[in-house]
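Chain by chain, the residues run as shown.
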Amino acid sequence: MKNLFIFSLIASIFALPASAISWWEQMTVCRIDNTKCYSSTGVGYDSEMWDTGSNCRGMKYICSEALVEKSNEPKLISKKDLENRNVIKTDFDTNLLSAADNCFGVRKTTKTGSQVMVNGKYVNVWCNGVLDKSDEGLENGEIVYGTQPTCESLKKDGYIATENGKCFGKYYDTSKYHIECEGNLAPERIIVLNGAEYSNIMHTGPKTETEAEKIFNKMQSVSKSQKAQYFKK
């Protein structure tokens, strides 16, 4: 009779819809906490890998460039280690997918994408062709890690450090323009040559203050005579 009662109780429990039974009355009361799991997986994830730190299936592939430890290929990294500075370089954002490599870990960038973070500071992304040598190629252009280009170093090839879309570097034909540098990066002036050779300009100009004053006085005299001729009272 006792066995019959137990059987009837179990049968009645399974006969009820799951939503009608309180969780503490169901046969299994243990629940996996999935609040730490990825809400969705896909490109850049391995959905079958078990992440022991978050008790979930699903781990991210992190691009080799974003890893502190040198690697030639992306690696699966746990959620816990994604916050570890000894594992992930702080210059990289592991929430962003690198479309080229199908892994997570892209350099932190400004809104325009024309600057990225290198060693904790933002540096310019230079348009392809501007730099003689670069340390890393990006989607928008190239960067250097150490000493950054200057106005003088850029103007040798006819470039100035102005924003050009999602990168820096605008070309000026040196046969048509002369670039003058005063500051460290932005040019002081860009002079239109109109076909003249800049190196020959001012060769016949005044060399002393006295010569300059003499030329000015002559110009003033001509101006007065012209005014008197064409603008009579």
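No experiment lies behind these values; they were computed from the predicted model shown.

Caption draft 1: Looking closely at the overall build of the protein. Helix and strand counts for the protein stand at 3 helices and 13 strands. Taken over 233 residues, the protein has a buried fraction of 27%. Accessible area of the protein: about 17300 Å², with a carbon and sulfur share of 52%.

Caption draft 2: View of the pattern of salt bridges. Inspection of every chain in the model, using the stated rule, returns 4 salt bridges. Close ionic contact of D91 with R107 constitutes a salt bridge, the shortest N to O distance being 3.9 Å. With D91 in the loop between β3 (75–77) and β4 (92–98) and R107 in strand β5 (residues 103–107), the pair connects residues that are 16 residues apart, well separated along the chain. Given a relative accessible area of 9%, D91 falls into the buried group. Under the relative-accessibility criterion, R107 is labelled buried at 9%.

Caption draft 3: Region of the structure containing the nonpolar core. Counting 15 residues, the largest nonpolar core has V116, V123, V125, W126, V130, I143 and L154 as the members making the most contacts within it. When residues of this core are traced back to their parent elements, those giving at least two are β6 (115–118), β10 (159–164) and β11 (167–171). In contact with L154, not counting residues within four places along its chain, are W126, V130, P149, Y159, I160, A161 and L185. One finds I62, A66, I77 and I88 within the second-largest nonpolar core, a separate group that totals 11 residues.

Caption draft 4: Quick look at the side chain of N124. With respect to the secondary-structure elements, N124 resides in strand β7 (residues 121–124). Overall, N124 belongs to the buried group, its relative accessible area being 10%. Looking at N124, its side chain comes within polar contact range of the side chain of Q115, at 2.9 Å. Sequence-distant contacts of N124, defined by excluding residues within four places in its chain, comprise S114, Q115, E142, I143, Q148, F168 and L185.

Caption draft 5: Inspection of the environment of G141 at higher detail. Turning to its location among the elements, G141 is positioned in the loop between β8 (136–137) and β9 (142–143). Sequence separation between G141 and V130 is 11 residues; the distance between their C-alpha atoms is 9.2 Å. Excluding its chain neighbours within four sequence positions, the residues that come into contact with G141 are V125, W126, N128 and E136.

Caption draft 6: Structural detail: the packing of aromatic side chains. Across all of its chains, the model carries 5 aromatic pairs by this definition. Ring geometry for Y38 versus Y45: centroids 5.1 Å apart, planes at 70 degrees, classification edge-to-face. Residue class for Y38 comes out buried when judged on its relative accessible area of 17%. The ring of F104 is capped by K60, whose NZ or CZ atom sits 4.5 Å from the centre of that ring.

Caption draft 7: Representation of the state of the cysteines within the structure. In the structure shown here, the tally under the stated rule is 4 disulfides. Disulfide partner of C63: C103, at an S-S distance of 2.0 Å. Sign of the S-S torsion, about 105 degrees for the bond between C63 and C103, identifies this disulfide as right-handed. Taken together, the residues span a long stretch of sequence, with C63 in the loop between β2 (56–62) and β3 and C103 in strand β5 at a distance of 40 residues. Of the residues examined, C63 reaches a relative accessible area of 1% and is grouped as buried.

Caption draft 8: Region of the structure containing the pairing of strand β1 (residues 45–51). As defined by bridge partners, β1 adjoins β2 across 4 bridges and the pair is classed as antiparallel. Residue pairing across strands places D51 opposite C56, the latter belonging to β2. Taking the residues between adjacent antiparallel strands as the criterion, β1 and β2 are bridged by 4 residues, where N55 takes a positive phi near 50 degrees.

Caption draft 9: The arrangement of the layout of surface pockets in detail. Each pocket or cavity is described by its volume, and for the largest pocket that value is around 620 Å³. Taken together, 24 residues make up the lining of the largest pocket; nearest its centre are S98, V106, R107, L138 and E139. Every element with two or more residues in the lining of the largest pocket is listed here: β4, β5 and β8. It is β4 that provides the largest number of residues to the lining of the largest pocket, a total of 4 residues. Tallied by class, the residues present in the lining of the largest pocket amount to 10 nonpolar, 7 polar and 7 charged. The computed volume of the second largest pocket comes to approximately 210 Å³. Surrounding the second largest pocket, L82, E83, N84, R85, I88, K89, T90, F92, D93, T94, N95 and K108 form its lining. A breakdown of the residues in the lining of the second largest pocket according to their chemical character gives 3 nonpolar, 4 polar and 5 charged.

Calculation notes
Residues numbered from 1 in each chain as written. Predicted model: local features only at pLDDT ≥ 70, side-chain atom pairs only at ≥ 80, totals over all residues. Heavy atoms only, no water. Helix = DSSP H or I, 4+ residues; strand = E, 2+ residues; numbered from the N terminus. Buried < 20%, exposed > 50% of the residue type's maximum accessible area, 1.4 Å probe, protein only. Areas by Shrake-Rupley, 256 points an atom, 1.4 Å probe, with all protein chains shown as cover. Salt bridge = Lys/Arg side-chain N within 4 Å of Asp/Glu carboxyl O. Core = buried A, V, L, I, M, F, W, Y, C linked by side-chain atoms within 4.5 Å. Contact = heavy atoms within 4.5 Å. Polar contact = N/O pair within 3.5 Å; in protein donor to acceptor, adjacent residues only side chain to side chain. Phe/Tyr/Trp six-rings, centres within 6.5 Å; stacked < 30°, edge-to-face > 60°. Lys NZ or Arg CZ within 6 Å of the ring centre and 35° of its normal. Disulfide = S-S within 2.5 Å. Pairing = 2+ DSSP bridges. 1 Å grid on protein atoms, 1.4 Å probe; cavity = no way out; pocket = protein on both sides within 12 Å on 5 of 7 lines; lining within 4 Å. Points joined across faces, edges and corners; volume = space filled by probe spheres on them. Nonpolar A, V, L, I, M, F, W, Y, C, P; charged D, E, K, R; others polar.

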